[in-house]
Amino acid sequence: MPAPRTGDLAAELAAVGQLADEADRYGQQAEALAHRPVLLPTWSPLGRAVAVYAACALAGSLLMLATLVGSPIPVSGLDLVAAAACAGVPLLSFLAGQLVLARWGRPVLGGDAPPSRYVPLGFVLCALLSSGLFCLYLVAFRLLS
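Residues numbered from 1 in each chain as written. Predicted model: local features only at pLDDT ≥ 70, side-chain atom pairs only at ≥ 80, totals over all residues. Heavy atoms only, no water.

Take the packing of helix α2 (residues 45-70) against helix α4 (residues 119-144) next. Closest axis-to-axis distance for the α2/α4 pair is 8 Å, and the angle between their directions is 30 degrees. By the angle between their axes, α2 is roughly parallel relative to α4. Regarding α2 and α4, the two cross each other, and that crossing is right-handed. Classifying every residue of the contact of α2 with α4 by side-chain character gives 21 nonpolar, 4 polar and no charged. (Axes fitted to C-alpha atoms, helices over the stretch in contact; angles between N-to-C directions. Helix = DSSP H or I, 4+ residues; strand = E, 2+ residues; numbered from the N terminus. Parallel < 35°, antiparallel > 145°, perpendicular 65-115°, else oblique. Left-handed = near helix turned anticlockwise from the far one by under 90°. Nonpolar A, V, L, I, M, F, W, Y, C, P; charged D, E, K, R; others polar.)

What follows covers α2. A rise of 1.5 Å per residue sets the reference length of α2, with its 26 residues, at 38 Å; its end C-alpha atoms lie 37 Å apart and thus fit the reference within 8%. Among the residues of α2, those classed as buried are Arg48, Ala49, Val52, Tyr53, Cys56, Ala57, Gly60, Ser61, Met64 and Leu68. (Expected span 1.5 Å × (residues − 1). Buried < 20%, exposed > 50% of the residue type's maximum accessible area, 1.4 Å probe, protein only.)

What follows deals with the UniProt feature "transmembrane region" (unreviewed entry) in the protein chain. The UniProt entry lists residues 50-68, 80-101 and 121-144 under the feature "transmembrane region" (unreviewed entry), expressed in the numbering used here. As annotated, residues 121-144 has a helix share of 100% and a strand share of 0%, and its two end C-alpha atoms lie 34 Å apart. (UniProt positions renumbered as here; feature names shortened; annotations may be inferred.)

Turning to the side chain of Ser93, a few remarks are in order. Here Ser93 shows up in helix α3 (residues 79-104). Aside from chain neighbours lying at most four places away, what touches Ser93 is Cys56, Ala57, Gly60, Cys126 and Ser130. (Contact = heavy atoms within 4.5 Å.)

When we look at a pair of aromatic rings, we describe it by the centre distance and by the angle of the planes. Taken as a whole and judged by the stated rule, the model has 2 aromatic pairs. When the centroid spacing of 6.0 Å and the interplanar angle of 15 degrees are considered together, the rings of Tyr53 and Phe94 count as stacked. With Tyr53 in helix α2 and Phe94 in helix α3, the pair connects residues that are 41 residues apart, well separated along the chain. Neither Tyr53 nor Phe94 differs from the other in exposure class; each is buried. Ring geometry for Phe94 and Phe123: centres 5.5 Å apart, planes at 90 degrees, overall edge-to-face. Here Phe94 is found in helix α3, whereas its partner Phe123 is found in helix α4, with 29 residues between them in sequence. Ring pairing ties together the aromatic residues Tyr53, Phe94 and Phe123, which thus form one cluster. When the ring centre of Tyr26 is taken as reference, the NZ or CZ atom of Arg25 above it lies at 5.9 Å. (Phe/Tyr/Trp six-rings, centres within 6.5 Å; stacked < 30°, edge-to-face > 60°. Lys NZ or Arg CZ within 6 Å of the ring centre and 35° of its normal.)

What follows is about a nonpolar patch on the surface. Taken together, the side chains of Leu91, Leu92, Leu95, Phe123, Val124 and Leu128 define a hydrophobic patch exposed on the protein surface, amounting to about 580 Å² of accessible area. Only α3 and α4 provide two or more residues apiece to the nonpolar patch. (Patch = residues over 30% accessible without salt bridge, like charges linked within 9 Å, V, L, I, M, F, W, Y side chains within 5 Å. Areas by Shrake-Rupley, 256 points an atom, 1.4 Å probe, with all protein chains shown as cover. Salt bridge = Lys/Arg side-chain N within 4 Å of Asp/Glu carboxyl O.)

As a further point, take the nonpolar core. Of all hydrophobic cores here, the largest spans 8 residues; its members are Ala49, Val52, Tyr53, Cys56, Ala57, Phe94, Leu101 and Cys126. The dominant element in this core, judged by the number of residues it contributes, is α2, at 5 residues. If you look at the next biggest cluster of nonpolar residues, it comprises 6 residues, including Met64, Leu68, Phe134 and Tyr137. (Core = buried A, V, L, I, M, F, W, Y, C linked by side-chain atoms within 4.5 Å.)

Okay, structure coming up:
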């Protein structure tokens, strides 16, 4: 049999009520955070997509620069490197952007519809940015040699 409690039961009940309200508030905050994407949660979907595709295109262009610098082929005969730069790397950059947006660009909870990944914009952005930077690399290498 429990021992009889001494003290003000009304004060204890009020304290328990405050703790329950605080726990409810924290639960609502956690749920609101779970309805936001993990990657750049405060950005708009369009801004997030542009940032991801631009970062992937920049990473792809750095890969092309490493290929250009490390290629044993002289700068004048870059058929294979140019073909990879114009077709392969922009496509890989686009696919990397798609994977990043599919994985980290959607909310943890909710989000029954798949997140908008702006496919045409991403493809054009990766193709133009990667190829444009490759052309700048070629011009820089021509000027330096």
